[in-house]
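Listed here are the chains, written in short residue letters.
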Amino acid sequence: MLASKGFRLSSGLVQNCLKRCISSTEIGNQKASAQVDSTSSDQEMEAVRPANTQSTTMMDIGTRSIFDSDNDMFREHVRRFMRDKLYPLQAEFEKTGEPTREIWEAMGELGLLGVSTPAEVGGIGGTFKDEAIVCEEMSYAMCSSPALAVHSTIVMPYLTHYGTKEQQDRYIPEMTAGKCVGSIGMTEPDAGSDLQGIRTSAKRDGSDWIINGSKIYITNGWLTDLCVVVAKTKPDAKRAAHGVSLFLVDSNTPGFHKGRKLQKLG
């Protein structure tokens, strides 16, 4: 069976079409044979993949035309880990208010962190689809911790696109391995999603920047080793948004302190 763009042709129909298109000479027959033989590898083409609305459940593997068999294999690998290893730990993580370092490193060992980060800078080198599979399977397994989406799809891309070579070499491989946990410090006690209202400030002091302020409700904040901190650098900017900058702050930086764990939902 051959499949192309949603319609199928039987092998008999293909042969009949070929016979009408070639001459009856010996050379023509040889060409026809070669053409038919060349289609044998197409027998391995995947059947049309159903949409998940056509599946028994939306979690069925082998659905959605944007994925292929390689994606399916990766999904099975991720699903086993999420269901067998990560899900049983969720109650403990909720109780303690944090995931363990060990689970971060376990995810790193299995290649589940920095999936779409280019290998050239220390990531896995997969695609956005691969990253989406990890996020989907974590949701399917009803796992909310650890917050790998912040780590892998927010902090790591900042480093990939805007970090210096030195920063990339220092942090990205460690983040991919789960040995360095990333977070982003935006929300403040007096400023939520409106970043133009933040009070944290950063002032240049020679070749350094002095940052003053506080953040709250920071995902991965308790275990963070590396935090992207939002601060005002130009308080007199004509538009508040134009006076905001991002700083990469190592948790070992003098003056960087973690507060108490907050009892909250999630």
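Colleague: What am I meant to see in the pairing of strand E3 (residues 182–185) here?
Modeller: The two faces of the sheet receive side chains in turn, since in a regular strand these alternate between them. Neither face of E3 is exposed, since Gly182 and Ile184 on one face and Ser183 and Gly185 on the opposite face are all buried. Sheet topology note: the E3/strand E6 (residues 226–232) ladder contains four bridges and is parallel. Looking across to E6, one finds that Ser183 is bridged to Cys227.

Colleague: Help me understand the side chain of Asp225, please; the structure alone is not making it clear to me.
Modeller: Tracing the backbone through its elements, the reader meets Asp225 in the loop between strand E5 (208–212) and E6. Asp225 has contacts with Arg101, Lys179, Cys180, Val181, Val249, Asp250 and Ser251, leaving out every residue within four places of it along the chain.

Colleague: Looking at this structure, I do not really get the nonpolar core. What am I missing?
Modeller: Nonpolar side chains in soluble globular proteins tend to end up buried together. Ranked by size, the top nonpolar core spans 21 residues in total, and within it Met82, Leu86, Leu112 and Val134 carry the most contacts. Those elements that provide at least two residues to this core are helix H3 (69–86), helix H5 (101–109) and helix H6 (128–140). For this core, the leading source of residues is H3, giving five residues. Leu112 has contacts with Phe74, His77, Val78, Phe81, Met82, Met107 and Val134, leaving out every residue within four places of it along the chain. Counting residues in each nonpolar core, the second largest holds 12 residues, with Val121, Val150, Met175 and Cys180 among its members.

Colleague: Would you explain the pairing of strand E4 (residues 201–205) in this entry?
Modeller: Strand direction decides the pairing type here: E4 and E5, joined by five bridges, are antiparallel. Along E5, the bridge assignment pairs Ala202 with Ile211. Joining the antiparallel neighbours E4 and E5 is a turn of two residues, in which Gly206 adopts a positive phi near 70°.

Colleague: What is the right way to read the side chain of Asn71 from this model?
Modeller: Mapping Asn71 onto the fold places it in helix H3. Residues within four places of Asn71 in sequence aside, it is in contact with Ile66, Lys129, Asp130 and Ile133.

Colleague: What's the story with H5 in this structure? I'm lost.
Modeller: Residues separated by three or four positions in an α-helix point in the same direction, a consequence of the helix having 3.6 residues per turn. For H5, the full list of buried residues reads Ile103, Trp104, Met107 and Gly108. All buried residues of H5 fall inside an arc of 145° around its axis, so they share one side. With respect to the buried face of H5, the exposed residues turned more than 90 degrees away are Glu102 and Glu109. The inward-facing, buried residues of H5 abut H3, helix H4 (90–96), helix H7 (148–162) and helix H8 (165–176).

Colleague: Mind showing me how you'd approach unusual backbone geometry here?
Modeller: Glycine aside, residues mostly have negative phi angles, and peptide bonds mostly take the trans form. Cis geometry marks the peptide bond from Ser145 to Pro146; its omega dihedral reads 5°. Its place among the elements puts Pro146 in the loop between H6 and H7. Backbone geometry places Arg64, a non-glycine residue, at a positive phi of 65°. Within the secondary structure, Arg64 is located in the loop between helix H2 (26–38) and H3. The class of Arg64 is buried, set by a relative accessible area of 18%. With a phi close to 60°, Met142 is a non-glycine residue in the positive phi region. When you line up the elements, Met142 lands in the loop between H6 and H7.

Cut-offs used in this document
Residues numbered from 1 in each chain as written. Predicted model: local features only at pLDDT ≥ 70, side-chain atom pairs only at ≥ 80, totals over all residues. Heavy atoms only, no water. Buried < 20%, exposed > 50% of the residue type's maximum accessible area, 1.4 Å probe, protein only. Helix = DSSP H or I, 4+ residues; strand = E, 2+ residues; numbered from the N terminus. Pairing = 2+ DSSP bridges. Contact = heavy atoms within 4.5 Å. Core = buried A, V, L, I, M, F, W, Y, C linked by side-chain atoms within 4.5 Å. Arc of directions from axis to C-beta.

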